[in-house]
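Here's the letter readout for the chains.
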Amino acid sequence: LIGKPMESKTGELTAAQINTTVNSIGSAFDNEPIVKEYNVVSGNVNFIKTAGKTPTDDISRIYVFAKVMDPTSAVKEGEYKSIQEYSTALLQRYGLQARRVFANTGFLTDEARKFLLETLQRRLDISKIQYDQVSKEYQRQIDDAYAGKARTITNYQTQSTQPQTTQPTQGGTYEDYLKAIGQ
């Protein structure tokens, strides 16, 4: 289909128009905040799954935890300290800090590491649901472009939030939107 010009009829797109539209949709997908966030969260969670028990691994866990909980901000020293304090019980933390200096061992308990990883995994699971929803909608737009259909308004409703109708709900065209708002 790409590379061969289509006959120009009302409502049909040429191969060049389809290619331009698909490239535009792909670029918009790459720039979606949810897509960027998912990539940050996924990469960091996968990194933590392979981390060991050294002090630098524990420091990485704390920074990753803060980053995953708020992927668009920089981790500040105060955030790091708060996470460290809550990751390990106060008594254990003081004992482990002294041991860490001499034995080069991590300062988080195995239980704290487990809790951090479980929380990070839940955060990744939620991000994945959002990512998949956006990906499905962009794929629909690409499929519509290849079929020569006009672009429609993005429909981000999940199956559970869509109104119950006898026919599937689709986003309207931009022209429908303009009519609906009186323009």
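Keep in mind that this is a model prediction, so the values were computed, not measured.

(A) Spatial organisation of the packing of aromatic side chains. A complete count under the given rule lists 3 aromatic pairs for this structure. Note on Y38 and Y131: the rings are 4.5 Å apart at their centroids and 25° apart in plane angle, and the pair reads as stacked. Of this pair, Y38 sits in helix α2 (residues 33–49) while Y131 sits in helix α6 (residues 110–146); the two residues are 93 residues apart in sequence, bridging distant segments of the chain. Per residue, the accessibility class of Y38 equals that of Y131, and both read buried. The structure contains a cluster of three or more aromatic residues connected by ring pairs, namely F29, Y38, Y131 and Y138.

(B) α6, seen in detail. Here α6 spans 52 Å end to end across 37 residues, near enough to the 54 Å set by a 1.5 Å rise per residue. Just beyond α6, the residue with positive phi is G148, at close to 80°.

(C) Seen up close, the packing of α2 against α6. Put simply, α2 and α6 touch, their axes get as near as 9 Å, and they point 150° apart. As the angle between them shows, α2 and α6 are arranged roughly antiparallel. Relative to α6, the crossing made by α2 is left-handed. Facing I34, V35, E37, Y38, V41, S42, V45, I48 and K49 of α2, the residues of α6 in contact are L117, L120, Q121, R123, L124, S127, K128, Q130, Y131 and V134. Of the residues in the contact of α2 with α6, the class split is 11 nonpolar, 4 polar and 4 charged.

(D) Spotlight on the nonpolar core. If you look at the biggest cluster of nonpolar residues, it comprises 24 residues, and the most contacted ones within it are F29, L108 and L120. Those elements that provide at least two residues to this core are α1 (15–30), α2, α3 (55–69) and α6. The dominant element in this core, judged by the number of residues it contributes, is α6, at 9 residues. Among all residues touching F29, those that are not within four sequence positions of it are V35, Y131, V134, S135 and Y138.

(E) Looking closely at the packing of α1 against α6. Running from N to C, α1 and α6 cross one another at 170°; their axes reach a closest spacing of 9 Å. Here α6 runs roughly antiparallel to α1, going by the angle between their axes. On the side of α1, the interface is formed by I18, T21, V22, I25, A28 and F29, while α6 contributes Y131, V134, S135, Y138, Q141, I142, A145 and Y146.

What counts, and where the lines are drawn
- Residues numbered from 1 in each chain as written.
- Predicted model: local features only at pLDDT ≥ 70, side-chain atom pairs only at ≥ 80, totals over all residues.
- Heavy atoms only, no water.
- Phe/Tyr/Trp six-rings, centres within 6.5 Å; stacked < 30°, edge-to-face > 60°.
- Helix = DSSP H or I, 4+ residues; strand = E, 2+ residues; numbered from the N terminus.
- Buried < 20%, exposed > 50% of the residue type's maximum accessible area, 1.4 Å probe, protein only.
- Expected span 1.5 Å × (residues − 1).
- Axes fitted to C-alpha atoms, helices over the stretch in contact; angles between N-to-C directions.
- Parallel < 35°, antiparallel > 145°, perpendicular 65-115°, else oblique.
- Left-handed = near helix turned anticlockwise from the far one by under 90°.
- Contact = heavy atoms within 4.5 Å.
- Nonpolar A, V, L, I, M, F, W, Y, C, P; charged D, E, K, R; others polar.
- Core = buried A, V, L, I, M, F, W, Y, C linked by side-chain atoms within 4.5 Å.

The values are spatial; any link to function lies outside them.
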